Amino acid sequence: MKRLLIVLAAALLIPQVALAAQVQALKVTVLSTMLAEPGLGEWGYAALVEVDGRKILYDSGARPETVLGNARELGVDLSDVEDVILSHHHGDHTGGIVTLRKAMMAKNPKALSRIHVGEGFFQATNTGTRAGVPKLRSDLEATGATFVIHKGPDELAPGVWLTGPVPRVTDEKNYPPGPDAIPEDQALVFETAEGTVILTGCGHAGAINIVRDASKITGGKPLLGLIGGLHIFDASDARLDWTGAELKAAGVKYLLMGHCTGLEATWRLRQATGLTRKTAAYGANGSTFILGKGINPGRIAG
Ligand SMILES: [Zn+2]
Ligand SMILES: [Zn+2]
């Protein structure tokens with residue numbers, strides 16, 4: 001009987017260990033943000049993810065040509081990237097995708113052909129903010145691209161999760177004035193042996209809402225790195241200090257901020273988390289996070 005119990009206990013334990021797929025190699029390179037050196041800056045965001053031999057484009061910048069030009073200047077090839085994630089529908093994240101798809105499909109018909117969006121991306125609102133979405137959809141579908149709609153967390157590859165719509169569990173309001181009209185806002189979450197890495201575009205779902213969602217997805221792993229825009233550039237000092245305290249409590253080791261996080265907000269997060277200029281910065285175009293190495297925000301930002 002005792003032996004049977006031991007066997008049963010072992011059988012119950014093993015699958016839990018085996019389930020936790022982990023990312024081995026991860027590099028994130030910023031291709032559009034507000035700090036330009038090299039390339040062109042803009043109010044927008046885009047980053048290339050290289051994870052275990054697979055490439056994913058996360059967002060596409062604001063202006064049609066920015067990411068195309070910046071990738072060229074940085075020597076980044078996007079023609080072998082098939083998956084694109086649009087964090088949400090705002091034009092500063094979707095403005096480059098049609099140009100990029102058309103430019104890259106000349107080299108590879110499958111390039112940038114699978115577009116991942118969160119549920120609600122196509123949802124009509126009465127604010128008029130989605131005016132460009134139907135055209136974006138028809139322009140992309142006319143090239144043969146297809147959309148994948150995510151209703152909740154989906155594992156795109158072992159240890160690589162897309163959150164889909166993020167539950168709002170805090171009172172954060174990391175979005176433009178008015179009601180929360182961006183239900184589709186989604187982040188990429190990477191499960192690594194060192195902890196969880198999050199890549200977010202505008203963070204409209206709320207920085208800490210996203211961190212808590214990622215923690216749920218990864219089974220409570222500590223936060224290793226947070227990359228991207230958090231839309232806290234105009235947040236109050238109290239809100240910034242709270243956000244920093246929450247990030248510290250989550251165990252954050254690296255902050256590679258960009259886009260709508262803001263410069264002052266990044267500095268305050270660095271102070272509140274106890275990180276340093278080597279581990280927390282507002283990155284420029286070409287800035288990187290590399291698993292096992294940390295961040296390189298660029299010469300002007302470091
Ligand atoms: Zn936005
Ligand atoms: Zn944005």
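Before any of the text, the structure's been laid out above.
Residues numbered from 1 in each chain as written. Chains lettered and ligands numbered in written order. Predicted model: local features only at pLDDT ≥ 70, side-chain atom pairs only at ≥ 80, totals over all residues.

Take the overall build of the chain next. Across its full length, the chain carries eight helices and 15 strands. At 19 Å, the chain has a C-alpha radius of gyration in line with the 19 Å of a compact globule built from 302 residues. Its C-alpha atoms give the chain principal-axis dimensions of roughly 70 × 45 × 40 Å. Relative to its full complement of 302 residues, the chain shows a buried share of 50%. Contacts in the chain between residues far apart in sequence, at least 24 positions, make up 73% of those at least 6 positions apart. (Helix = DSSP H or I, 4+ residues; strand = E, 2+ residues; numbered from the N terminus. Rg over C-alpha atoms; globule rule 2.2 N^0.38 Å. Buried ≥ 20, exposed ≤ 12 C-beta atoms within 10 Å, placed from the backbone. Contact = placed C-beta atoms within 7 Å.)

A word on the environment of Arg212. Relative to the assigned elements, Arg212 resides in helix α6 (residues 207-217). Sequence separation of Arg212 and Gly69 is 143 residues, and the distance between their C-alpha atoms is 35 Å.

Attention now goes to the sheet that holds strand β4 (residues 83-85). Hydrogen bonds along the backbone pair up the strands of a sheet, which may run parallel or antiparallel. Strand order in the open sheet made by the eight strands is β6-β5-β4-β3-β2-β1-β14-β15, with mixed pairing throughout. Each edge of the sheet is formed by a strand with only one pairing partner; in this case those strands are β6 (146-150) and β15 (294-296). On average, each strand axis in the sheet is tilted by 20° relative to the strand beside it, whichever way the strands run. (Pairing = 2+ DSSP bridges. Axes fitted to C-alpha atoms, helices over the stretch in contact; angles between N-to-C directions.)

What follows is about the pairing of strand β9 (residues 188-192). By the criterion of burial, β9 is predominantly enclosed, with five of the five residues buried. Residue alternation in β9 divides its side chains into two sets, Leu188, Phe190 and Thr192 and Val189 and Glu191, and both sets are buried. Sheet analysis places strand β8 (residues 160-162) next to β9, joined by three bridges and oriented antiparallel. Within the sheet, the bridge partner assigned to Leu162 lies in β9 and is Leu188. Two elements, β9 and strand β10 (residues 195-200), share five bridges in a ladder whose sense is antiparallel. Bridging from a neighbouring strand, Phe190 pairs with Val197 of β10.

This part covers helix α7 (residues 237-250). With 14 residues, α7 extends 20 Å between its outermost C-alpha atoms, agreeing within 8% with the 20 Å of an ideal straight helix rising 1.5 Å per residue. Listed as buried for α7 are Leu240, Thr243, Gly244, Leu247 and Ala250. Looking straight down α7, one finds that the buried residues subtend no more than 120° of arc, so they occupy a single side. Opposite the buried face of α7, at more than 90 degrees from it, the exposed residues are Asp237 and Ala238. Note on α7: the residue one or two positions beyond its end, Gly251, has a positive phi of about 95°. (Expected span 1.5 Å × (residues − 1). Arc of directions from axis to C-beta.)

Our focus in this paragraph is the sheet that holds strand β7 (residues 154-157). With mixed pairing, the seven strands of this open sheet are ordered in space as β7-β8-β9-β10-β11-β12-β13. Each end of this open sheet is capped by a strand with a single partner; those strands are β7 and β13 (280-282). Averaged over all adjacent pairs, the angle separating strand axes in this sheet is 20°, with direction ignored. As paired strands, strand β12 (residues 254-257) and β13 are joined by three bridges and run parallel to one another. Opposite Met257, over in β13, you have Tyr282 as the bridge partner. Across the sheet, α6 touches β8, β9, β10 and β11 (223-228), and the angle it forms with β10 is around 135°.

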